[in-house]
Amino acid sequence: MDRLEKREFVAELSSVFAETSFVLVTRNAGLTVAEVTVLRRKMREAGASFKVAKNRLALLALQGTRFDGIAPLMKGPTALAWSVDPVAVAKAAVDFAKTNDKFVVLGGSLGSQVLNADGVKALSELPSLDSLRAKLLGLIQAPATKVAGVLQAPAGQLARVFAAYADSQKSEAA
């Protein structure tokens with residue numbers, strides 16, 4: 001990488017840090033190309049990005065951002081992952097780490113809150129943003145359904161009473 005490419009990389013990483021809410025730091029020493037490809041695919045499916053970065057350049061990009069607390073984690077062969085949905089990237093990384101011993105989750109930062117590996121694991125056990133939205137929508141719709149059922153019940157009962165009365169009149173007339 002020449003200087004211009006390094007500057008562009010630092011600027012790109014800085015813009016990523018400005019837009020995202022969660023950054024994950026991992027150690028990926030000894031992963032094969034096939035394993036990294038599988039990891040990148042899982043990250044993409046989760047809506048996350050995964051990038052191996054030179055620590056020195058990543059540290060330059062971290063300076064002055066809310067994620068500068070993860071700077072001590074940037075030692076050795078590290079990679080960064082980020083996403084708008086912090087739970088999705090944490091789930092993808094923790095799930096991959098369970099199946100591959102060479103991939104280690106070091107920690108991360110949720111805004112200015114620095115998380116260790118246990119914190120990232122706890123974050124991965126939370127429901128995803130989409131499932132939380134679905135639960136909230138279900139909670140909002142449930143009362144409306146119950147209100148409609150309550151309002152509809154008296155009319156149905158009244159119709160059944162009229163039908164029973166009409167049946168009784170027919171049986172008396174016969």
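It should be noted that the structure appears before, not after, this text.
Rules of the game
Residues numbered from 1 in each chain as written. Predicted model: local features only at pLDDT ≥ 70, side-chain atom pairs only at ≥ 80, totals over all residues. Heavy atoms only, no water. Phe/Tyr/Trp six-rings, centres within 6.5 Å; stacked < 30°, edge-to-face > 60°. Helix = DSSP H or I, 4+ residues; strand = E, 2+ residues; numbered from the N terminus. Expected span 1.5 Å × (residues − 1). Buried < 20%, exposed > 50% of the residue type's maximum accessible area, 1.4 Å probe, protein only. Contact = heavy atoms within 4.5 Å. Salt bridge = Lys/Arg side-chain N within 4 Å of Asp/Glu carboxyl O. Axes fitted to C-alpha atoms, helices over the stretch in contact; angles between N-to-C directions. Parallel < 35°, antiparallel > 145°, perpendicular 65-115°, else oblique. Left-handed = near helix turned anticlockwise from the far one by under 90°. Core = buried A, V, L, I, M, F, W, Y, C linked by side-chain atoms within 4.5 Å. Pairing = 2+ DSSP bridges.

Trainee: Before we go on, may I ask you to explain the packing of aromatic side chains in this structure?
Mentor: The way to describe two aromatic rings as a pair is by their centre distance and the angle between their planes. Summed over the entire model, instances satisfying the criterion amount to three aromatic pairs. One aromatic cluster is present, built from ring pairs that chain together Phe50, Phe96 and Phe103.

Trainee: It is not clear to me how helix H4 (residues 86–99) should be interpreted in this structure. Could you clarify?
Mentor: Turn by turn, an α-helix covers 3.6 residues, leaving residues three or four places apart pointing in a common direction. Helix length check: H4 (14 residues) gives 21 Å between terminal C-alpha atoms against 20 Å at 1.5 Å per residue, within 8%. When we look at burial in H4, the residues that qualify are Pro86, Val87, Ala88, Val89, Ala90, Ala92, Ala93, Val94 and Phe96. Turning to H4, the residues buried within the fold contact strand E1 (22–27), helix H2 (33–45), strand E3 (78–83), strand E4 (104–110) and helix H5 (117–124).

Trainee: Could you clarify how one ought to interpret the pattern of salt bridges in this entry?
Mentor: Any two side chains of opposite charge can pair if their charged atoms end up close together. Scanning all chains against the criterion turns up one salt bridge. Of the charged contacts, one joins Lys51 and Glu12 as a salt bridge, the two residues approaching to 3.6 Å between their closest N and O atoms. Here Lys51, found in strand E2 (residues 49–52), pairs with Glu12, found in helix H1 (residues 3–19); they are 39 residues apart in sequence, far enough to count as distant.

Trainee: I tried to follow the packing of H4 against H5 on my own but got confused; where do I start?
Mentor: A packed helix pair is summarised by two numbers, namely the angle formed by the two axes and the spacing between the axes. Close contact between H4 and H5 brings their axes to 8 Å; oriented N to C, the two are set at 110°. Put simply, H4 runs roughly perpendicular to H5. When you trace H4 past H5, the crossing you get is left-handed. For the pair H4 and H5, the contacting residues are Pro86, Val87, Ala90, Lys91 and Val94 in the first and Val120, Lys121, Leu123 and Ser124 in the second.

Trainee: Would you mind going over the nonpolar core with me for this structure?
Mentor: Generally speaking, nonpolar side chains in soluble globular proteins are found buried as a group. Judged by nonpolar contacts, the single largest core of 22 residues is most densely connected at Phe22, Leu24, Met43, Phe50, Phe103 and Val120. Looking at this core, the elements that each hand over two or more residues are E1, H2, E3, H4 and H5. Sort the elements by how many residues they give to this core and H4 lands first, with seven residues. Other than its neighbours up to four places away in sequence, Met43 contacts Ala48, Phe50, Ala81, Val89, Ala92 and Ala93. Core analysis: the second largest hydrophobic core is formed by 18 residues, Val16, Val25, Ala53 and Met74 among them.

Trainee: Explain the pairing of E3 here, please?
Mentor: In summary, the side chains of a regular strand alternate between the two faces of the sheet. Most of E3 is tucked away, with six of its six residues classed as buried. Residue alternation in E3 divides its side chains into two sets, Thr78, Leu80 and Trp82 and Ala79, Ala81 and Ser83, and both sets are buried. As paired elements, E2 and E3 share four bridges and run antiparallel to each other. By the bridge assignment, Ser49 is partnered in E3 with Trp82.

Trainee: In this structure, what is going on with the environment of Leu110? I would like to understand it.
Mentor: Residue placement: Leu110 occurs in strand E4. Taking the C-alpha atoms as reference, Leu110 lies 9.4 Å from Val120; in sequence the two are ten residues apart.

Trainee: So what exactly am I meant to see when it comes to the pairing of E1 here?
Mentor: Of all the six residues making up E1, five are buried; the element is thus mostly covered by neighbouring parts of the structure. With six bridges joining them, E1 and E3 adopt antiparallel strand pairing. Looking at the pairing, Thr26 lines up with Ala79 of E3. With six bridges joining them, E1 and E4 adopt antiparallel strand pairing. Bridge pairing in E4 places Phe22 opposite Leu110.

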